[in-house]
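Working through the structure, step by step
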Amino acid sequence: MSENTNDGKTRVISNEDYFAEVQRILREGKEVRIRVKGNSMCPFIRDGDTVLLRAYQGQSLALGSNILAKDKDKFVFHRFVGKKNDLYILAGDGNLVLREYVAAIDIIAIAYMHYPQVGGEALDIDRPWARVRGLGWYHIRLLRRVLTKLKLISSSTNRSIK
């Protein structure tokens with residue numbers, strides 16, 4: 001993760017150090033705004049957008065919530081899509097197959113505001129409509145996989161015809 005310094009230079013810190021600081025601030029009862037890296041939450045949250053987090057304190061999670069969690073040795077910001085036994089199932093909106101299974105102790109924070117990097121006002125993403133929209137997108141993953149495959153076949157057929 002990069003950080004701007006007062007001298008105008010950018011320095012790079014490890015994700016471990018970055019998220020250790022995020023967790024320290026959350027433990028103090030403060031909110032933290034982080035930049036989302038990657039496209040796993042597309043189309044709703046994009047690379048470079050920021051989200052405002054509140055500490056997770058063991059409260060009941062609403063399905064469709066966007067959460068920051070630790071999955072094995074990495075940090076993930078994904079949607080809570082279900083529960084199996086005592087594990088929370090997470091999936092990125094842009095992921096067609098991948099899911100993570102985390103324990104409650106691995107959940108760090110819940111996002112409640114989204115700040116698009118390009119063109120848009122702050123969005124409350126902890127409202128029912130935002131969660132339902134995200135869950136709907138998750139539940140049509142099979143259809144999205146089929147359409148992606150058809151698009152790939154169609155585009156390779158068009159290239160071979162030319």
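Description of the structure in this document. (Residues numbered from 1 in each chain as written. Predicted model: local features only at pLDDT ≥ 70, side-chain atom pairs only at ≥ 80, totals over all residues. Heavy atoms only, no water.)

Working note: α-helix, 3.6 residues per turn, so residues spaced by three or four point in the same direction. Taking 1.5 Å as the rise per residue, helix H1 (residues 15–27) with 13 residues should run 18 Å; its terminal C-alpha atoms sit 18 Å apart, in good agreement. Those residues of H1 that fall on the buried side of the exposure criterion are Tyr18, Phe19, Val22 and Leu26. Taken down its axis, H1 places every buried residue within 85° of arc, on the same side. Exposed residues pointing more than 90 degrees away from the buried face of H1 are listed as Asp17 and Arg27. (Helix = DSSP H or I, 4+ residues; strand = E, 2+ residues; numbered from the N terminus. Expected span 1.5 Å × (residues − 1). Buried < 20%, exposed > 50% of the residue type's maximum accessible area, 1.4 Å probe, protein only. Arc of directions from axis to C-beta.)

Time to look at the pattern of salt bridges. Side chains bearing opposite charge may pair, as long as their charged atoms lie close to each other. Taken as a whole and assessed by the stated rule, the structure comprises nine salt bridges. In this structure, lysine 72 and aspartate 71 form a salt bridge, with 3.6 Å as the shortest nitrogen-oxygen distance. One connected set of salt bridges, linked through shared partners, spans Glu21, Arg24, Glu28 and Lys30. (Salt bridge = Lys/Arg side-chain N within 4 Å of Asp/Glu carboxyl O.)

A few words on the pairing of strand S6 (residues 74–84). For S6, the tally of buried residues reaches eight of 11 residues, placing the bulk of the element in the interior. If you look at the hairpin formed by strand S5 (residues 66–71) and S6, you'll find two residues sitting between the two strands, and lysine 72 has a positive phi there, around 55°. As judged from the five bridges shared by S6 and strand S7 (residues 87–91), these two strands associate in the antiparallel manner. Paired with phenylalanine 80 across the two strands is leucine 90, which belongs to S7. (Pairing = 2+ DSSP bridges.)

Time to look at unusual backbone geometry. Here cysteine 42 and proline 43 are connected by a cis peptide whose omega angle stands at 15°. For proline 43, the location among the structural elements is in the loop between strand S3 (32–35) and strand S4 (50–55). If you check the backbone angles, lysine 72 has positive phi at about 55° while not being a glycine. At asparagine 85, a residue that is not glycine, the phi angle is positive and equals roughly 55°. Within the secondary structure layout, asparagine 85 lies in the loop between S6 and S7. What makes asparagine 85 exposed here is its relative accessible area of 70%.

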